[in-house]
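# Structure assessment
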Amino acid sequence: MTQPTHYPSWETLKTHHEDMRDFSLREELARADRFATMSRESCGILFDFSKHLATEETLTHLLALAKEAKVEEMRTKMFAGVKINNTEDRAVLHTACRAPETAEVIVDGENIMPFVHQVLAQMEDFSHAVRSGEHKGYTDEAITDVVNIGIGGSDLGPRFVVEALQEDGSGPKVHFVSNVDGQDIVSVLKKLKPETTLFVIASKTFTTEETMLNAQMAKDWLLKSATTDAIPKHFVALSTNAEGVKNFGISLSNMFPFRDWVGGRYSLWSAIGLSISLAVGFDNFKKLLDGAHEMDQHFQNAEPKDNVPLLMGMLGVWYRNFYNYSSHLLLAYDVRMDKMAKFIQQMDMESNGKAVDRDGHHMSYATGPLIFGEPGTDSQHSFMQWVHQSADVVPVDFVIAKEAHHTLTPNHASLCANFLAQSRALALGQTLEEANGDPSRVFSGNRPSTSIILPKLSPYHLGALIAAYEHKVFVQGVVWGLNSFDQPGVELGKKLAKPIREILEGRAPNAGMDSSTSHLIDVLMPR
Ligand code: F6P
């Protein structure tokens with residue numbers, strides 16, 4: 001496999017980066033046509049790239065790099081179900097979860113689309129039954145609360161979307177438990193009644209320690225007031241592991257299946273999205289899928305120069321590998337999108353935080369950046385000082401919905417003004433003269449950002465936005481020559497925790513550990 005540093009356009013970009021030394025966003029943004037030439041639109045969402053350290057020439061070179069790295073070929077392979085997750089020998093088909101029934105996607109000789117739509121129908125029926133009160137608990141009362149028990153991709157995607165859209169729905173209240181810290185489940189359960197609570201156990205593998213422990217705690221809690229006959233009314237499973245689900249005590253008729261070609265961090269479109277459908281209704285869940293599918297179409301068919309995820313991905317490569325910027329900030333100016341940064345953080349960092357390429361060779365260049373963020377305007381009163389003036393530069397994505405969900409017009413005007421002011425301040429900075437000679441108020445400017453404006457935070461637009469980020473991550477993974485769809489680092493942590501737990505529970509002697517860990521075990525050992 002050719003390393004990206006060996007592509008001809010890598011050298012061109014290095015030279016171009018040197019030529020950009022005197023590039024000034026202040027000057028560029030003074031040009032009336034800058035916005036028109038550097039902004040794009042897809043699925044009704046505006047993506048303004050005009051506040052980037054880039055010219056049209058930069059984009060041309062970046063797109064040449066994408067071509068040399070064979071992004072288009074890999075994209076075709078992914079959508080067609082070729083097993084591009086080479087280390088796990090799996091196809092990567094979260095895109096099939098949002099494709100129409102008429103599509104044909106073959107995996108191991110089987111067209112998977114009938115299966116996808118069969119599960120969607122199962123989700124639709126069940127969501128309707130729960131939301132209408134037709135599905136009842138063991139005392140014949142309707143379900144008022146749903147607890148999604150899962151972690152990582154089996155938690156963050158549904159949690160982000162439910163929080164973002166819940167106000168559109170009228171269904172049960174959906175709670176999320178992810179952490180193995182018992183406080184997480186204890187705090188949720190103390191608010192609930194077993195008679196009216198439905199547990200959704202979300203785990204692709206159905207072996208993840210945190211989820212299995214919390215699921216067991218939930219079962220014990222139910223069985224304190226009910227018999228095992230109540231389990232089918234109060235427990236459903238979302239998983240690829242039928243055997244594990246059965247062994248846990250959930251019957252297969254209460255299982256919503258998916259397959260190994262859906263990666264955990266890309267799974268909210270699959271059965272893992274059941275909590276979304278329960279919270280906001282299946283019709284809204286379907287609109288989420290439709291928005292994502294529309295973005296899939298855009299990613300597959302739009303010209304490279306207009307292809308939003310391709311441009312997002314390549315601009316990220318530009319900053320990571322040529323400017324050496326090591327982080328990327330996500331600022332959603334919308335409290336409903338509180339979990340966006342956390343969700344994209346897992347999607348991006350678990351996918352592209354790698355040191356070895358697809359052929360197992362150590363990479364000599366930087367890959368995925370640190371992703372962080374929290375909603376504006378809160379962030380303006382926490383870490384934004386650092387973003388404006390520290391020696392480190394961090395490219396930012398500003399996200400906002402044009403239409404508010406509330407009627408507090410002054411609040412929305414203030415939110416929009418702050419959204420615009422932050423990116424403007426980062427781009428233009430403030431000269432000594434503008435700061436009235438006060439050096440502490442000088443801002444270098446030239447700090448890049450993308451402004452993303454959704455018409456409103458609707459299921460359709462949210463689906464399209466998430467899919468754009470998924471494809472951005474994909475593009476970068478291809479350019480860096482790595483497998484974005486495995487997670488060996490996470491697996492190492494899981495492996496090492498096992499013997500330590502055995503020692504802490506007195507099932508094994510405190511032996512074979514390093515000196516620090518062994519002493520810390522002594523401190524934590526229950527007496
Ligand atoms: O965080 C590591 C990971 O493997 C993720 O990829 C996944 O989303 C999460 O664990 C949960 O896994 P599961 O859905 O199998 O419980």
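As a reminder, the structure under discussion sits directly above these lines.
Quick caveat: nothing in here was measured; it's all calculated off a predicted structure.

## Observations concerning the overall build of the chain
- If you tally the helices and strands in the chain, you get 20 helices and 13 strands.
- By the compact-globule yardstick of 24 Å for 527 residues, the chain fits well, its C-alpha radius of gyration being 24 Å.
- Each principal axis of the C-alpha atoms in the chain carries an extent, and together these give about 75 × 60 × 55 Å.
- Counting only residues that meet the buried cut, the chain has 54% of its 527 residues in that class.
- Taking the intrachain contacts of the chain between residues at least 6 apart in sequence as the baseline, contacts between residues at least 24 apart amount to 73%.

## Comments concerning the side chain of H388
- Here H388 lies in helix α16 (residues 384-389).
- Reaching out from H388, the side chain makes a polar contact with the side chain of Q422 at a distance of 2.7 Å.
- For H388, the contacting residues outside a window of four places in its chain are Q422, A425, L426, F443 and R447.

## Considerations on the site of the ligand
- In the region of the ligand, 15 residues are neighbours, and S154, S203, T205, T208 and E350 sit closest.
- Within the side chain of T208, a nitrogen or oxygen atom sits 2.5 Å from an oxygen atom of the ligand.
- One of the side-chain nitrogen or oxygen atoms of E350 is found 2.7 Å away from an oxygen atom of the ligand.
- Against a free-state accessible area of 390 Å², the protein chains account for coverage of 90% of the ligand.

## Thoughts on the sheet that holds strand β11 (residues 370-373)
- If you trace the 6 strands from one edge of the open sheet to the other, you get β1-β2-β13-β12-β10-β11, paired in mixed fashion. Edge positions in the open sheet fall to β1 (39-42) and β11, since each of these has one partner strand only. Ignoring strand direction, the axes of neighbouring strands in this sheet form an average angle of 20°.
- In this structure, strand β12 (residues 396-403) lies alongside strand β13 (residues 449-456), joined through 7 bridges in parallel fashion. Bridge pairing links V399 to I452 in β13.

The rules behind each value
- Residues numbered from 1 in each chain as written.
- Predicted model: local features only at pLDDT ≥ 70, side-chain atom pairs only at ≥ 80, totals over all residues.
- Heavy atoms only, no water.
- Helix = DSSP H or I, 4+ residues; strand = E, 2+ residues; numbered from the N terminus.
- Rg over C-alpha atoms; globule rule 2.2 N^0.38 Å.
- Buried < 20%, exposed > 50% of the residue type's maximum accessible area, 1.4 Å probe, protein only.
- Contact = heavy atoms within 4.5 Å.
- Polar contact = N/O pair within 3.5 Å; in protein donor to acceptor, adjacent residues only side chain to side chain.
- Near = heavy atom within 4 Å.
- Areas by Shrake-Rupley, 256 points an atom, 1.4 Å probe, with all protein chains shown as cover.
- Pairing = 2+ DSSP bridges.
- Axes fitted to C-alpha atoms, helices over the stretch in contact; angles between N-to-C directions.

The analysis is restricted to geometry; functional conclusions fall outside its scope.
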